[in-house]
Structures are given as structure tokens and as C-alpha cells.
Amino acid sequence: MNKIKEYSTPFLVLVLIVAVFFLGMLYTKVSFLEKSNGSPILAQQPQQPQQAPVVNNDPVKVSVDDDPILGDKNAKITIIEFSDYECPFCKRHFDETLPQIVKEYINTGKVKLVYRDLPLPFHDPMATTEAIAANCAGVQDGDTGYFKYHDEIFKRTKSNGNGLTIDDLYKISDDLKLNTEKLKTCMNDPKQAEEVKKDMADAGNVGANGTPAFFIGKSTNDGIIESVLTSGAQPFSVFKTIIDELL
Amino acid sequence: MSYSKVLFPTLIIALFYFILITLLMNNSLVKDTFTGIYGLEYKIKIVAFLLQGMWTSMSGIGLFLLMATAVLTGANITLFTQKLKDLKKQGNLKFIVGGSSLLGVIGSGCSACGLPILTLLGLSGSVIYLPLRGMELSFLSVLMLSLSFYLLLKPKNQSNCNIN
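Please read all numbers here as calculations on a predicted model, not as lab measurements.

Trainee: Give me the pairing of strand β6 (residues 224–227) of chain A: which residues, what numbers.
Mentor: Residues and elements named next belong to chain A. Only one face of β6 is buried, namely the one carrying Ile225 and Ser227, since none of Ile224 and Glu226 on the opposite face is buried. Alignment of strand β1 (residues 60–63) against β6, held across four bridges, turns out to be antiparallel. Bridging across to β6, Val62 finds its partner in Ile225.

In C-alpha cells:
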């Protein structure tokens, strides 16, 4: 009897912790199913059939879709980045690693970067708003305009959802000499929100449920690359090793 | 019990734990690297640079908690192994060692990175509502491992027969 008592307390503590965790997961999933919002991190799923979500670690097929491209569109290697403008690690990647990738691979025509949106729920509403604003900048001024706006967001935000206000986004538009009234109208267009949601759904389908998430692969004619996920703000050396192997 | 008997195995286990967790955060890439048709140099570089990436892909607190969990896990396993005979005699197995190390594995990473360990289990959804996005699990793990470490170090009461 004493032995049972000795075992029971730590065992019960462990069971309690695991049970609370599973309950939390169950509650989260039920809440989102009730709101028909799909996975809590991955946001809304489109109605039409999609590629089955990734359940193993094999390479997946990832599409560049119609998202903005930095670099030569005919570059041999494609990096698809799923990113969140309010994610501090995405900002770290922008500050520390992207400049090296741009200098050594994008500016030399070897690699093109495709930026796709994956605003995380706990960085909203500004994460999604910033994604929409950047897309609207692209609508006005093409991919060049998109990436100028993208750069300004990352330079100015403090991340973690507290970075920028709506007025800051309008100021960026003014500073970049865009038509801010057109930007405002575009930002209110439901199609822009749908575009961001589509990116989020595609991210979920290929196993990217955190940011930054990278898929690095050989470019194809149909814009679909085959790659494994490289996750997190990895140093330039990781990208260099993978890209050099593909070249 | 000499320090060398404890320190060396602790550090080895801690290093192994640390490397394992860091590489698990990019399990797809690691698996593809090891199973794919790549040269040895490429494989070594990927592993080395992913380990280098722990400084950029984790927050300061996350990295500290991971290191603390690794060292405490090493210390716990070492002490537990050395005391296995005594524990068997006393019938006093330490459930807390396995459970808290598991918590440390689960809580590693960062929510922005997608908590890859949790996603392997399909459980990442619940932690996003925690204030520290899952880092609470790492804190809890360090706490439990520290407690376990203390309990393992605590000398057992021995009744002595005094010789008068």
C-alpha cells in the first residue's frame, strides 16, 4: 500500500499535465471547427479539394502561385518563403540572412525568391493587415513595388504583433510615392484577404505551420517545386549549402 | 560518488540531447539529408550549419531553457543510473525524470518556428493560446528536472546503530 502511494503522486502529476495538454488541443480544434475556420494556425481552408496535408517528412510539391518574385523569373533555383511580417524570426532572417542571399544568388540570377503570406494568428490583426497592404503595393507597382513595401515593413516593425499601425502602413505608401487612396481601397477589397487566406491554406497543405518556412528547389515551367521544409531563421550557411548543391 | 563519474556522462548526454532537439526542429531537412543521395561533405555541412542555426532560430530565453533542460536531463539520467540499484531496493522509481525530459522536448523551439516537435505529434494548436506560446512547458520541464535532480542528490536517511 505504501509503495502504491509513493508511485501515485508523481504518476498522477504526469497524467494531469498530459491530460490538460490534450484537453487544450481538443478545445482549440472544437472551437475552430465550430467557427468553420479549419486549423488554428493554418486559417481557413478553401472549399475545393486540395493536396492532402503532409503527414511525413518527404519532399513536397510547393507552388509559387501568383505571388511576388524577387530576382530573375527564369532563375534556375526557386526559394519559396512563407512568412509573417510580425514574426521576429522572419525579421531576423530579413535583417541578417536575406541580404546575403540577395547579394550572392538573387542579384547574380541564380535564385529567385517567392514571398508567400503566412500571418500567424497571435500576431493578428496587424500581421494579416500588413500582408494585405504589401500585396496592394504589388498591385500598384508590380513585384518591384511589392518588395520595396515588404522591405519597409520589416525595417520599421518591432514585431510580435505590436509593430505597425494602419497609419504607419499608409505612411509607407506615401514614402514610396504610391497612391495611398488606391492602397486603402485595395486593402478593403475582400479578394486581398482571400489571397492571404489561400497562401495560408497552401502553407498548411505543405506542412509549413510556422514562420519563416522555406522551400528550396529547382525551378520548373509550371511553377511547382519539389522540396523539403527548411524551418526557422537559419544562417546563410544553410541556404548556401542547399543552393550550391542544387546548382 | 566522485564528480568525474557524474560530470562526464552528464555532459555527453546533455550534448546528445541538445543536438537531437536542434536537429529535430528541421526533421524534414535532416531526414532528406541523411537518406538522400548526397555527398558526405554536404551531409556534414547541413548538420553543422543547422547546429550553428540554433543561435539565430531560437530566442535567448528559448536557447537558455534548452541548454538547462539538456544539462539537467544529463544530470538526472546519470544520477538515476548510478542509483539504480538503490532505487530498485527501495522500490522508488523516479517517474519525474522521464516526464519532465519529455516536457522539455515538447516545449523546445518557438511558436513562431512552428514548434516542430509538437507538430510531429499534431499538438501545436493548443499552445498558441498560452501567454509564452509553449515556452511554459520548457520552464516547467526545468523546474521538474531541478526537483528531480535535488531528490536524486539528497542523501537517504540511514539509521545507525550507535556503538556505546
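Trainee: So what about the sheet that holds strand β7 (residues 229–231) of chain A? Which residues, and what values?
Mentor: Residue and element names in this part refer to chain A. Taken together, the five strands give an open sheet; going across it, the order is β2-β4-β3-β5-β7, and neighbouring strands pair in mixed fashion. At either margin of the open sheet sits one strand with a lone partner, and together these are β2 (69–70) and β7. Strand contacts of helix α6 (residues 190–205): β3 (77–83) and β4 (111–117), with the helix running at about 110 degrees to β4, the strand carrying the most contacts.

Trainee: So what about the pattern of salt bridges? Which residues, and what values?
Mentor: All names here are of chain A. Across all of its chains, the model carries 18 salt bridges over all chains by this definition. Glu226 is the salt-bridge partner of Lys61, the closest N and O atoms lying 3.1 Å from each other. Taken together, the residues Lys61 in strand β1 and Glu226 in strand β6 connect sequence positions 165 residues apart. By relative accessible area, Lys61 is classed as partly exposed at 49%. Among the ionic pairs, Glu152 bridges to Arg156, the shortest N-O distance being 3.0 Å. Residue Glu152 and its partner Arg156 are located together in helix α3 (residues 126–156), separated by four residues, close to a single helical turn. Each of the salt bridges in this network shares a partner with another, and the network as a whole consists of Asp65, Asp67, Arg116, Lys198, Asp199 and Asp202.

Trainee: Please provide a residue-by-residue account of the nonpolar core, values included.
Mentor: When a protein is soluble and globular, its nonpolar side chains tend to lie buried together. In this structure, Phe82, Tyr149, Leu169 and Phe215 of chain A are the most contacted members of the largest nonpolar core, which totals 72 residues. Sort the elements by how many residues they give to this core and α3 of chain A lands first, with twelve residues. Once residues within four sequence positions are removed from consideration, Leu169 of chain A is found in contact with Met126, Thr129, Glu130, Ala133, Tyr149, Ile153, Leu164, Leu183 and Met187 of chain A. Tyr17, Ile21, Met58 and Leu63 of chain B belong to the second-largest nonpolar core, a separate cluster that totals ten residues.

Trainee: Which residues make up the side chain of Thr129 of chain A, and what values go with them?
Mentor: All names here are of chain A. On the secondary structure map, Thr129 appears in helix α3. Thr129 gets classed as buried once you look at its relative accessible area, which sits at 17%. Sequence-distant contacts of Thr129, defined by excluding residues within four places in its chain, comprise Ile166, Leu169 and Met187.

Trainee: Before we move on, could you go through empty space enclosed by the protein and cite the residues and values that matter?
Mentor: Under the criterion given, the structure shown has two cavities of 30 Å³ or more. The volume enclosed by the largest cavity comes to roughly 70 Å³. What lines the largest cavity is a set of ten residues, among which Ser231 and Gln234 of chain A together with Met25, Asn26 and Ser57 of chain B lie closest to the centre. In terms of residue class, the lining of the largest cavity is built from four nonpolar, six polar and no charged.

Trainee: I'd like to hear about the state of the cysteines, residue by residue, with values.
Mentor: Residues and elements named next belong to chain A. Here the structure, examined in full by the defined rule, presents one disulfide over all chains. The residue that forms a disulfide with Cys136 is Cys186, at a sulfur-sulfur distance of 2.1 Å. Taking the sign of the S-S torsion, -85 degrees for the link of Cys136 and Cys186, the bridge is left-handed. Taken together, the residues span a long stretch of sequence, with Cys136 in helix α3 and Cys186 in helix α5 (residues 180–187) at a distance of 50 residues. No difference in accessibility class separates Cys136 from Cys186, as the two residues are buried. Here Cys87 stays free of any disulfide, with the sulfur of Cys90 as its closest cysteine sulfur at 3.2 Å.

Definitions and limits used
Residues numbered from 1 in each chain as written. Chains lettered and ligands numbered in written order. Predicted model: local features only at pLDDT ≥ 70, side-chain atom pairs only at ≥ 80, totals over all residues. Heavy atoms only, no water. Buried < 20%, exposed > 50% of the residue type's maximum accessible area, 1.4 Å probe, protein only. Helix = DSSP H or I, 4+ residues; strand = E, 2+ residues; numbered from the N terminus. Pairing = 2+ DSSP bridges. Contact = heavy atoms within 4.5 Å. Axes fitted to C-alpha atoms, helices over the stretch in contact; angles between N-to-C directions. Salt bridge = Lys/Arg side-chain N within 4 Å of Asp/Glu carboxyl O. Core = buried A, V, L, I, M, F, W, Y, C linked by side-chain atoms within 4.5 Å. 1 Å grid on protein atoms, 1.4 Å probe; cavity = no way out; pocket = protein on both sides within 12 Å on 5 of 7 lines; lining within 4 Å. Points joined across faces, edges and corners; volume = space filled by probe spheres on them. Nonpolar A, V, L, I, M, F, W, Y, C, P; charged D, E, K, R; others polar. Disulfide = S-S within 2.5 Å.

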